Amino acid sequence: MAELEKLIGPRPPEELLAQERLRFLLPTVFLGLAVFCLLVSIFFPYWRITLLAPQYPGGLQAQVYINRVTGDVREIDGLNHYIGMRPLDEAAQLERSLSVYMVAVLSLLIVAAIYVHNRLAAVLTLPALLYPAIFLADLYYWLRNFGMNLDPNAPLRNAVKPFVPPLVGEGRVGQFRTVAGLGSGFYLAALASFLILVGLYFHRRAYKPLVEGRVEARDGHQADRQASSRVEQVS
Amino acid sequence: MSTQSPSQRYGPYLIVGLIVLAVLVAVVVIVRQPGGGGAQTAQQPTVTTVPGLSGDAEAIAQARGLTPDDVAAALKTYMPTGRPDEYVMFSSGGHSGQVLVIGLPSMRLLKVIGVFTPEPWQGWGYGAKSSMEVLEQGYVNGEPVLWGDTHHPALSETQGDYDGEWLFINDKANGRVAVIDLRDFETKQIVKNPVAVNDHGGAMVTPNTEWVIEGGQYAAPLGWEYASLDDYADEYRGMVTFWKFDRGQGRILPEESFALELPPYWQDLCDSGKVVSEGWVFCNSFNAEMATGGVEKGNPPFEAGASQRDMDYLHIINLNKAVELAQAGRVEEVNGFKVVPLQTSVEEGVLYFAPEPKSPHGVDVAPGGDYIVVSGKLDPHVTVYSFEKIMQAIEAGPTERDEYGVPILDFDSVVEKQVELGLGPLHTQFDNQGYAYTSLFLDSAVARWTLGGSYAEKNPDEPWALISKIPVHYNVGHIAAAEGDTVSPDGKYLVSLNKWAVDRFVGVGPLLPQNFQLIDITQPGDQMQLLYDMPIGIGEPHYAQIIKADKLKPWDVYPEIGWDPGTQSKDPNAVEAGQERIERRGNTVEIWMTAVRSHFTPEIVEVKKGDRVIWHITNIERAKDATHGFALPGYNINVSIEPGETVTFEFVANQDGVFSFYCTEFCSALHLEMTGYFLVSP
């Protein structure tokens, strides 16, 4: 029991819980909202690109979800073959096959952080916190990979030089103007990160005194100061 | 006398002639000067101010000699780029055997649907199985008949209103009816009438499209038998056929269809009853004289012989009862087709006649189904029958019978009104303001007149009266108003389908185009305005129907990759990219090919001389308009493969050599590279 408590931090006493319900509720609420946002983001596109050309009134769209690409993929693939770009389906196959499970794991880790009342909580939420940045890095990797590795035997190999489509903003390929931007799924994931930060702030405010109480009893002031500064750094 | 010189002899005449000419010129100049009546013929650009126009527009109008009416007409019809039309007109293509699809009010030609005649662009009749099978259904006695004289298109209806799902059209020349699916605007079926060589009074539909009506015309022994003209009254017969249409299958079912044997009067046009008269069908007729012609033998020619009597007969058919008889087996078989004998129709009260002024044309049922309008043709009136009075007269019992025993109702007891319109009334359409419109062939005009009864309150004009006429150019046959033969006409536009153009267009040799004229019928009373002339250079169209564009729900691309338009379902021979292959079984080589911008896969096909080649091509595109063609010169193969479509064609490679096939649609910048070799080794 003591081992477990060492791992997941102290439980607040009943009378304290009754007295200051909001103090202990807030971290749960914010971290819970973060989980909600993260899970909902699965159903919304993280990234979108529109290709505009005279013969496509309304343009061609592709929406990148964490596990699939939707929109005019077939047509975009058909056009891309002229410049030797591989079909979109070949991009990030591993990432897409694992992504939903990964988000589930990230969410479970956040849920776990709700029940862990020491600085381990910050470690548990770290992957979800960094997740949007990881997504962007991976997307950029694939855009670059696809744009720079054009089939040298493609029909229009001389007309289009290898290029990196912009992650956000406008680009140009042949007669197409491309407009790329982040989607609502990504914004939800970013919101989740923000909510985690807020949640960790309240988490620290709620549980730090309890942890310090324990630590103080055992190791004295110095260890406590180190611990709190580490939590601050993580936060 | 003989001493007079020619100038002395003719001098006085010359002087008088010159004076007469001068007076005539003066009169013409004076008459034309006030700017009025000059609109009909080409004229000097008259400088007129068009109120409300900007300086630039005013300058253009002046430079082009446009009157304020011309400018208004232009503004009413001009469609800026990218703006679709409000209405779609389906017109018969006349001799072309096709159907024309035209946008209103711009009068832009949108499509020529291949129906009875091969049409290369759509790959209609150049190898593609789904087209060859339909055209073969239209073969007559096993012989290819690859043209048609399309007459009357009929849009499918639900509760008497166009539903935009199906289109039917008849071929007068060969007595055939075609079914067109308006999801892909392609012909799906042709049925050949088994009892008659040709027809005229089709196609019309009943208010819920259960039946497609095909009326005959020139009487002949039923079922293509021989009989001497001396036995005309005994052996020759008219007919009207009711084709059962199955909406689910999208096909006419010949085995559930039937015809009525009719006396050998020449049935002309038919219309289905609706609303109160639903379940009844009306056909007019001419040649109740039963003239058999023979001008070369000193007999009166048909044109005179068939016009002797003062009255012909409006045929009033109880369709519901006829269906009961056909289903109860009260039929004879003619060429394997059910025909209800004339005697049975008479005994069972299926057929009644009402006299109609001689040699009429056109029978048109008013929107409420309450009045039936027959146009006089040789009589200056339209004769309006009351359905209610017809029912009362049938109830009261007929006053006399014709020589075949068909009961004849008393003219005066069934006629509601006769309205004198002018010379040569032919066809009638209706609008939403209680007006009827009738084409006047000889007057070369369209008459607007008022209906009475419940329609009278829709306009301020006196009921059952001619209101105005608008000249058309020239010799109008049918007219079509927006949804003008449905239970709820829209008004707004009317198109006059003119037979002669004479001076309307730049000369193109002795065969002149037909002239479709768009008329604005929005304003009541005598305010009708001619808006636009559209030349038709493909055949002489007869009838047309105009449907609100938003009722049509055509596909942009076929619903799935690998679609067979023949069955409107996924083709078992469809292939996706990566599944292409060539298989040989004995002397048969089967190819499963894909087409996508800008290549066919496979690109090289090798066979031996004498091999039977079965070729399937699937267009795996999903982009709107990404159609590919496939032509195999040397083997007369030319197909159109629309996005998602799978096309199959077969032939025997009986000529060795090297044949390059290619995409016939300019599909992409690398269209010319979209080619391949078909190698036939000796």
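Residues numbered from 1 in each chain as written. Chains lettered and ligands numbered in written order. Predicted model: local features only at pLDDT ≥ 70, side-chain atom pairs only at ≥ 80, totals over all residues. Heavy atoms only, no water.

### As for the pairing of strand β41 (residues 637–641) of chain B
All names here are of chain B. Just so we agree on the cut-off: Any residue under 20% of the maximum accessible area for its type is buried, any over 50% is exposed, and the rest in between are partly exposed; the area is computed with a 1.4 Å probe on protein chains only. Helix and strand definitions here come from DSSP, where helices need a minimum of 4 consecutive H or I residues and strands a minimum of 2 consecutive E residues; each element is numbered from the N-terminal end. When DSSP finds two or more bridges between a pair of strands, those strands are recorded as paired.
In terms of burial, β41 is a largely internal element, five of the five residues being buried. Residues Ile 637, Val 639 and Ile 641 line one face of β41 and the alternating positions Asn 638 and Ser 640 line the opposite face, and both faces are buried. Looking at chain direction, strand β40 (residues 628–632) and β41 are connected through five bridges and run antiparallel. In the sheet register, His 628 faces β41, and the bridge partner there is Ile 641. Here β40 folds back onto β41 in antiparallel fashion, the turn holding four residues, of which Gly 634 has a positive phi close to 100°.

### Details of a negative patch on the surface
Residues and elements named next belong to chain B. Condition: Patches draw on residues past 30% relative accessible area with no salt bridge. Two like charges within 9 Å are joined, as are two nonpolar side chains (Val, Leu, Ile, Met, Phe, Trp, Tyr) within 5 Å. Accessibility throughout is a Shrake-Rupley quantity obtained with a 1.4 Å probe, and a residue counts as covered only by protein chains that appear here. The salt bridge criterion pairs a side-chain nitrogen of Lys or Arg with a carboxyl oxygen of Asp or Glu, the two atoms within 4 Å. In this tally Asp and Glu are treated as negative and Lys and Arg as positive; neither His nor the chain ends contributes. In plain terms, the charge of a residue is placed at NZ if it is Lys, CZ if Arg, CG if Asp and CD if Glu.
A cluster of acidic residues, Asp 230, Asp 231, Asp 234, Glu 235 and Glu 403, forms a negative patch at the surface. Locating Glu 235 in the fold gives a position in helix α5 (residues 232–235). The exposure class of Glu 235 is partly exposed, given its relative accessible area of 42%.

### Focus: the confidence of the model for chain A
For the record, the criterion: The predictor reports its confidence for every residue as pLDDT, a score running from 0 up to 100.
The predicted model of chain A averages 89 in pLDDT, with 90% of residues at 70 or higher. When pLDDT is averaged over each element of chain A, strand β1 (residues 47–53) of chain A comes out on top at 96 and helix α8 (residues 221–234) of chain A at the bottom at 50.

### Brief notes about the sheet that holds strand β5 (residues 161–171) of chain B
Residues and elements named next belong to chain B. We count it as follows: Axis geometry follows a simple rule: fit a line to the C-alpha atoms, using only the stretch in contact for helices, then measure angles between N-to-C directions, giving values from 0 to 180 degrees.
Spatial strand order, β4-β5-β6-β7: four strands in an open sheet with antiparallel pairing. This sheet does not close on itself; its edge strands, each paired only once, are β4 (150–158) and β7 (186–192). Averaged over all pairs of adjacent strands, the angle between strand axes in this sheet comes to 25°, irrespective of strand direction. Pairing of β4 with β5, which is carried by six bridges, proceeds in the antiparallel orientation. The residue bridging Thr 158 from the neighbouring strand is Asp 161, located in β5.

### Some points on the pairing of strand β24 (residues 425–430) of chain B
All names here are of chain B. Judged by how many residues are buried, β24 sits mostly within the fold: six of six residues are covered. Here four bridges tie β24 to strand β25 (residues 435–440), and the two strands are oriented antiparallel to one another. Residue pairing for β25: Phe 430 is matched across the bridge by Ala 436. In textbook terms, the turn of a hairpin is the stretch between consecutive antiparallel strands, and for β24 and β25 this stretch comprises four residues, one of which, Gly 434, has a positive phi near 80°.

### Notes on the sheet that holds strand β8 (residues 201–205) of chain B
All names here are of chain B. Counted only if it meets this: Here, two residues are considered to be in contact whenever any of their heavy atoms come within 4.5 Å of each other.
In space, the six strands of this open sheet follow the order β8-β9-β10-β11-β16-β15, with mixed pairing throughout. The open sheet has two free edges, formed respectively by β8 and β15 (332–334), since each of these has just one partner strand. The average angle at which neighbouring strand axes cross in this sheet is 30°, direction not considered. Looking at chain direction, β8 and strand β9 (residues 211–215) are connected through four bridges and run antiparallel. For Gly 202, the partnering residue across the bridge sits in β9 and is Glu 214. Packing against the sheet, helix α7 (residues 319–327) makes contact with β9, β10 (238–246), β11 (251–262) and β16 (337–340), and its axis sits at approximately 105° to β11.

### A few points about the interface of chain A and chain B
Condition: Accessible area that two parts lose when put together, evaluated with a 1.4 Å probe and summed over both, is termed the buried area. Contacts described as polar in this section are N or O atom pairs within 3.5 Å, which, within protein, must combine one atom able to donate a hydrogen with one able to accept it, while residues neighboring in sequence count only if both atoms come from side chains. Residue type decides the class: Asp, Glu, Lys and Arg count as charged, Ala, Val, Leu, Ile, Met, Phe, Trp, Tyr, Cys and Pro as nonpolar, and the leftover types, Gly among them, as polar.
Tallying the contact residues gives seven residues for chain A and eleven residues for chain B. Summing the contributions of chain A and of chain B, the shared interface buries around 630 Å²; its carbon and sulfur component is 48%. Taken together, chain A and chain B are joined by two salt bridges. Linking Glu 576 of chain B and Arg 74 of chain A is a salt bridge whose minimum nitrogen-to-oxygen distance equals 3.1 Å. Counting across the interface, chain A meets chain B through six residue pairs in polar contact (both at pLDDT 80 or more). In terms of residues, the side of chain A that touches chain B owes the most to one element, helix α4 (residues 73–83) of chain A, which gives five residues. Taken together, the residues of the side of chain A that touches chain B break down into four nonpolar, one polar and two charged.

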